[in-house]
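Remarks on the overall topology
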Amino acid sequence: MPTLSVFMDVPLAHKLEGSLLKTYKQDDCPDKLFLAYRACMTREGCPWVSVVVRKTQLQISQDPSLNYEYLPTMGMKSFIQASLELLFGKHSPAIMENRAGGVHTVGDNGAFQLGARFLRTWRRDANVVYIISSQPEPHGLVFQDMGFTVYECSVWDPKKLCMDPNILFSVVEQIPRGCVLVIGNIVDCKLTLSQWAKLMSALKSKQIFPFFDIPCQGLHNGDLEEDTRILRYFASGGFEFFCSQSLSRSFGIYDEGVSILVVVALNNQHLLCVLSQLMSFAQALWLNPPTRGARIITSILCNCALLEEWKQSLKEVVENIMLTKEKVKEKLRLLGTPGSWDHITEHNGTHGYLGLTSQQVEYMVKKKHIYLPKNGRINFTCINASNIDYITQGISEAVFFTRGQENSLPKEKKP
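Please read all numbers here as calculations on a predicted model, not as lab measurements. (Residues numbered from 1 in each chain as written. Predicted model: local features only at pLDDT ≥ 70, side-chain atom pairs only at ≥ 80, totals over all residues. Heavy atoms only, no water.)

**A look at the overall build of the protein chain**
Of regular secondary structure, the protein chain possesses 16 helices and 13 strands. Expressed as lengths along the three principal axes of its C-alpha atoms, the size of the protein chain is roughly 70 × 70 × 55 Å. Taken across its 415 residues, the protein chain has 51% of its residues classed as buried. Nonlocal contacts in the protein chain, meaning residues at least 24 apart in sequence, comprise 73% of its contacts between residues at least 6 apart. As displayed, the protein chain offers around 20700 Å² of accessible surface, 54% of which is attributable to carbon and sulfur atoms. Put simply, the protein chain has 43 plus and 40 minus side-chain charges, and the middle of one group is 2 Å from the middle of the other. (Helix = DSSP H or I, 4+ residues; strand = E, 2+ residues; numbered from the N terminus. Buried < 20%, exposed > 50% of the residue type's maximum accessible area, 1.4 Å probe, protein only. Contact = heavy atoms within 4.5 Å. Areas by Shrake-Rupley, 256 points an atom, 1.4 Å probe, with all protein chains shown as cover. Lys, Arg positive; Asp, Glu negative; His and termini not counted. Charge placed at Lys NZ, Arg CZ, Asp CG, Glu CD.)

What follows is the structure, encoded as structure tokens:
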């Protein structure tokens with residue numbers, strides 16, 4: 001007698017964002033290109049790994065004294081301390097006063113899972129979460145799953161082709177009192193000190209809880225402190241907040257998912273209470289975090305020579321990105337591509353907006369087999385000497401085509 005499946009009523013889930021990569025892989029065009037990898041890529045088209053990471057991996061693998069016992073639920077204490085010092089500075093008042101701490105989490109989204117669960121339990125009046133960033137973020141799914149109402153806003157203005165801080169201030173003016181504000185990687189807004197002070201004042205008056213995201217410290221412009229200056233402002237301003245600090249991309253160990261949930265409280269007593277609750281949640285979620293990635297990062301951050309070598313490798317990556325952006329802009333100019341392309345070089349980081357319309361993106365994908373998201377935000381490290389001519393040619397063609405100037409198409413160049 002046949003048995004009815006308990007899964008018979010389970011439908012297929014909606015397609016996830018990764019479907020673009022799936023479509024790319026199924027494309028049999030020899031000239032196809034994918035410009036939306038999350039990882040930082042090398043000139044050879046492989047995921048970038050800091051040289052010092054490979055050196056450290058070898059040393060760790062050959063260390064006979066290592067103990068592979070389970071970590072405590074909070075994680076590796078030396079890793080947490082080194083991560084906090086990387087964020088706030090070794091002599092930060094928040095660290096010296098023992099009001100900053102953290103929990104070693106699992107995966108790039110683990111910190112948000114942990115933080116969202118805490119807020120759902122201990123701030124039940126905060127039912128609304130606003131996520132504002134310079135890029136689409138996956139965190140909304142985490143908060144939605146926890147029962148929050150989520151609103152997502154981007155500080156990128158596709159009409160002005162720039163990051164607009166006015167969007168940030170407009171959102172803060174409109175959001176309800178007592179909600180949670182997730183502030184993503186918005187360093188490109190380049191807020192002045194007075195603007196940050198204005199933002200902090202607005203959040204404090206409306207009792208809004210900030211939840212920051214630092215996804216790739218050091219890969220913005222090579223300055224580790226620049227990426228975290230906002231955290232130092234808030235910590236010195238007497239704010240309590242959470243921060244997801246993911247270190248996988250900064251070191252090039254993408255498959256490790258190394259991160260911590262940072263907590264800044266008003267005093268040590270409050271911090272200890274929050275950390276105890278977070279550990280209780282972590283115990284239910286994953287019990288013990290993995291050690292390999294944390295060991296590698298801690299070994300580098302706690303060794304002056306290795307630390308300097310890692311910092312230098314970040315600067316080299318950033319310099320290559322800046323050079324690539326300059327070349328892309330110049331080639332588009334030489335091709336006579338309509339419009340201004342200054343926005344490409346005005347913003348730092350591995351990823352950035354090309355400023356293409358959805359119609360132009362569709363042309364790139366269907367006609368040129370160059371795969372990029374609908375919003376035109378690409379990973380500039382995917383562009384190298386072997387494909388830059390084909391990519392800029394494709395961009396130029398897409399712009400000419402959508403402007404009704406098919407007869408003015410430049411000659412096609414193959415990679």
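**Details of the packing of helix 3 (residues 77–88) against helix 9 (residues 229–236)**
It is the contact of helix 3 with helix 9, at a shortest axis distance of 8 Å, that shows an interaxial angle of 95°. Put simply, helix 3 runs roughly perpendicular to helix 9. When helix 3 is examined against helix 9, the residues Leu 86, Leu 87 and Phe 88 are found in contact with a partner set consisting of Leu 231, Arg 232 and Ala 235. (Axes fitted to C-alpha atoms, helices over the stretch in contact; angles between N-to-C directions. Parallel < 35°, antiparallel > 145°, perpendicular 65-115°, else oblique.)

**Some points on the environment of Glu 330**
Relative to the assigned elements, Glu 330 resides in helix 13 (residues 304–334). Judged by its relative accessible area of 35%, Glu 330 is partly exposed. With 58 residues separating them along the chain, Glu 330 and Ile 388 place their C-alpha atoms 11 Å apart.

**Thoughts on the nonpolar core**
In terms of nonpolar packing, the biggest core is built from 128 residues, with Phe 88, Phe 234 and Trp 310 touching the most fellow members. Element by element, the count of residues in this core is highest for helix 13, at eight residues. Leave out the neighbours within four places in its chain, and Phe 234 touches Trp 196, Leu 199, Met 200, Leu 203, Pro 210, Phe 212, Phe 239 and Phe 241. (Core = buried A, V, L, I, M, F, W, Y, C linked by side-chain atoms within 4.5 Å.)

**Here's the deal with the pattern of salt bridges**
This structure, assessed with the given rule, holds 12 salt bridges. The closest approach of N and O atoms between Arg 229 and Glu 226, which form a salt bridge, is 2.6 Å. Judged by relative accessible area, Arg 229 falls into the partly exposed class, the value being 31%. Under the relative-accessibility criterion, Glu 226 is labelled partly exposed at 27%. We note a salt bridge from Lys 368 to Glu 397, for which the minimum N-O separation is 3.5 Å. (Salt bridge = Lys/Arg side-chain N within 4 Å of Asp/Glu carboxyl O.)

**Description of the confidence of the model for the protein chain**
For the protein chain, per-residue confidence averages 92 on the pLDDT scale, and residues scoring 70 or more make up 96% of the total. Across the protein chain, the element-wise mean pLDDT spans from 90 in helix 9 up to 98 in strand 12 (residues 370–371). Low pLDDT (under 50) marks residues 405–409, which in the prediction has six contacts with non-local residues, meaning those over four places away or in another chain. (pLDDT = per-residue confidence, 0-100.)

**Observations concerning helix 13**
Taking 1.5 Å of rise per residue, the 31 residues of helix 13 would be expected to cover 45 Å, and the 45 Å separating its terminal C-alpha atoms lies within 8% of that figure. Listing the buried residues of helix 13 in full gives Leu 306, Leu 307, Trp 310, Ser 313, Leu 314, Val 317, Val 318, Ile 321, Thr 324, Lys 325, Val 328 and Leu 332. Two to three positions downstream of the cap, the backbone nitrogen of Ala 305 sits 3.0 Å from a side-chain oxygen, assigning the N-cap of helix 13 to Asn 303. Remark: Gly 336 follows helix 13 within two positions and exhibits a positive phi of approximately 75°. (Expected span 1.5 Å × (residues − 1). Polar contact = N/O pair within 3.5 Å; in protein donor to acceptor, adjacent residues only side chain to side chain.)

**Thoughts on the packing of aromatic side chains**
Note on aromatic pairs: each is described by the distance of the centres and the angle between the planes. Under the criterion given, the structure shown has 17 aromatic pairs. Consider the rings of Trp 156 and Tyr 353, whose centres lie 4.4 Å apart with planes at 5°: the pair is stacked. Taken together, the positions of Trp 156 in strand 5 (residues 156–157) and Tyr 353 in strand 11 (residues 351–353) put the pair 197 residues apart, joining distant regions of the chain. Taken as a pair, Trp 156 and Tyr 353 share a single burial class, namely buried. One aromatic cluster is present, formed by Phe 112, Phe 118, Phe 143, Phe 148, Phe 209, Phe 211 and Phe 242 through successive ring pairs. (Phe/Tyr/Trp six-rings, centres within 6.5 Å; stacked < 30°, edge-to-face > 60°.)

**Section: helix 16 (residues 388–402)**
The first and last C-alpha atoms of helix 16 sit 21 Å apart over 15 residues, in line with the 21 Å expected at 1.5 Å per residue. Extensive coverage of helix 16 is indicated by the burial of 12 of its 15 residues. Buried within helix 16 are the following residues: Ile 388, Tyr 390, Ile 391, Thr 392, Gln 393, Gly 394, Ile 395, Ser 396, Glu 397, Ala 398, Val 399 and Phe 400. As for helix 16, its buried residues are in contact with strand 1 (33–34), helix 13, helix 15 (358–368) and strand 12.

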